[in-house]
Amino acid sequence: MSSLEISNSCFSPETKLPLSPQLVEDSASEPSRKSGHGNHIKVECVASDILAEGCCCLVSREDVDEVEEKPKDIIQFSAKKLSVDEVSQLVISLLCGAVSLFVGTTRNNFEGKKVISLEYEAYLPMAENEIRKICSDIRQKWPVRHIAVFHRLGLVPVSEASTIIAVSSAHRAASLEAVSYAIDSLKAKVPIWKKEIYEESASSWKRNKECFWAAGD
């Protein structure tokens, strides 16, 4: 294992909005500054209130990788077509052995009617806040690394993805359970409206039966 030289120096339908693409990425902290020389990495650190000259210690490369790769919550609402490959790549980690996905797509039927597309609208400020809370809840419940939640807005044709959720973890159980929790919570708590557009009849706005504001209906 290579050693490292460390040198210390200094909701109602009336309020829903059609939305432009938004991307939110949270990270716990910025990575350390580093420069590579051959098989060694020199990491420059700033320690608050303490300045030590000539101090060095040995740490493993894996320790540095873990420090630099802070957990991320990536949230995006987009009018563009979603890519499963692109979203899954965002959560891949050298520290993880599992990436779990949920992909929600437009099906071509509903209660005997032929569906040609779905249309989504959302109230962005509240939607983003609710998804942040869901990510926080997941981290309290399971040891996951990265979380990505992407939702498409506007028209979504049959077979295309409207929702992609990706979670990485060291072992599969955590990410599988986290993905299931994420989609169930999104449907119950996030203010997103869906309109089904039929081939031969009028379109119809739908809301998730799990959503908390529909509980009294």
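Residues numbered from 1 in each chain as written. Predicted model: local features only at pLDDT ≥ 70, side-chain atom pairs only at ≥ 80, totals over all residues. Heavy atoms only, no water.

**Observations regarding the overall build of the protein**
When you go through the protein residue by residue, the secondary structure sums to 4 helices and 13 strands. Within the span of the protein, comprising 217 residues, buried residues form 38% of the whole. Accessible surface for the protein amounts to roughly 12,600 Å². Of this, 51% is attributable to carbon and sulfur atoms. (Helix = DSSP H or I, 4+ residues; strand = E, 2+ residues; numbered from the N terminus. Buried < 20%, exposed > 50% of the residue type's maximum accessible area, 1.4 Å probe, protein only. Areas by Shrake-Rupley, 256 points an atom, 1.4 Å probe, with all protein chains shown as cover.)

**Brief notes about helix H2 (residues 84-91)**
Considered for burial, the residues of H2 that qualify are Val87, Ser88 and Val91. On an axial view of H2, the arc spanned by its buried residues comes to 95 degrees, and they lie on one face. Facing away from the buried surface of H2 by more than 90 degrees, the exposed residues are Asp85, Glu86 and Gln89. (Arc of directions from axis to C-beta.)

**A word on the nonpolar core**
Formed by 30 residues in total, the largest nonpolar core has its most connected members in Phe77, Ile131, Ile138 and Val144. Those elements giving two or more residues to this core turn out to be strand S5 (72-78), strand S8 (113-122), helix H3 (124-141), strand S9 (144-152), strand S11 (161-169), helix H4 (172-189) and strand S12 (192-198). In terms of nonpolar packing, the next biggest core, distinct from the first, is built from 9 residues, Leu82, Val91, Ala148 and Ala161 among them. (Core = buried A, V, L, I, M, F, W, Y, C linked by side-chain atoms within 4.5 Å.)

**Some details on the pattern of salt bridges**
The tally for this structure, following the rule as stated, stands at 5 salt bridges. The salt bridge involving aspartate 73 is made with arginine 139; its shortest N-O contact spans 2.7 Å. Here aspartate 73, found in strand S5, pairs with arginine 139, found in helix H3; they are 66 residues apart in sequence, far enough to count as distant. Residue arginine 139 is classed as partly exposed on the basis of its relative accessible area of 26%. (Salt bridge = Lys/Arg side-chain N within 4 Å of Asp/Glu carboxyl O.)

**Details of the pairing of S8**
In terms of burial, S8 is a largely internal element, 7 of the 10 residues being buried. Note: strand S7 (residues 109-110) against S8, 2 bridges, orientation antiparallel. Residue pairing in the sheet places phenylalanine 110 in a bridge with lysine 113 of S8. Counted along the chain from S7 to the antiparallel partner S8, the turn is 2 residues long, and its residue glutamate 111 has a positive phi close to 50 degrees. Here S8 pairs with S12 via 7 bridges, running antiparallel. In the strand pairing of S12, valine 115 is matched with tyrosine 198. (Pairing = 2+ DSSP bridges.)

**So, unusual backbone geometry**
Unusually for a residue other than glycine, glutamate 111 sits at a positive phi of about 50 degrees. Mapping glutamate 111 onto the fold places it in the loop between S7 and S8. In this structure, serine 159 takes a positive phi of about 80 degrees despite not being glycine. With respect to the secondary-structure elements, serine 159 resides in the loop between strand S10 (154-157) and S11. Take serine 159: its relative accessible area is 57%, and that puts it in the exposed class.

**Brief notes about the confidence of the model for the protein**
When pLDDT is averaged along the protein, the result is 77; 62% of the residues meet or exceed 70. Considering only residues more than four positions removed or in separate chains, one finds that residues 1-15, a stretch of pLDDT under 50, has 51 contacts. Taken together, the stretch residues 17-21 has pLDDT below 50 and engages in 11 contacts with residues farther than four places along the chain or on a different chain. (pLDDT = per-residue confidence, 0-100. Contact = heavy atoms within 4.5 Å.)

**Things to note about the environment of serine 201**
Within the secondary structure layout, serine 201 lies in the loop between S12 and strand S13 (204-206). With a relative accessible area of 37%, serine 201 lands in the partly exposed category. Taking C-alpha positions, serine 201 is 8.2 Å from lysine 113, a pair spaced 88 residues apart along the chain.

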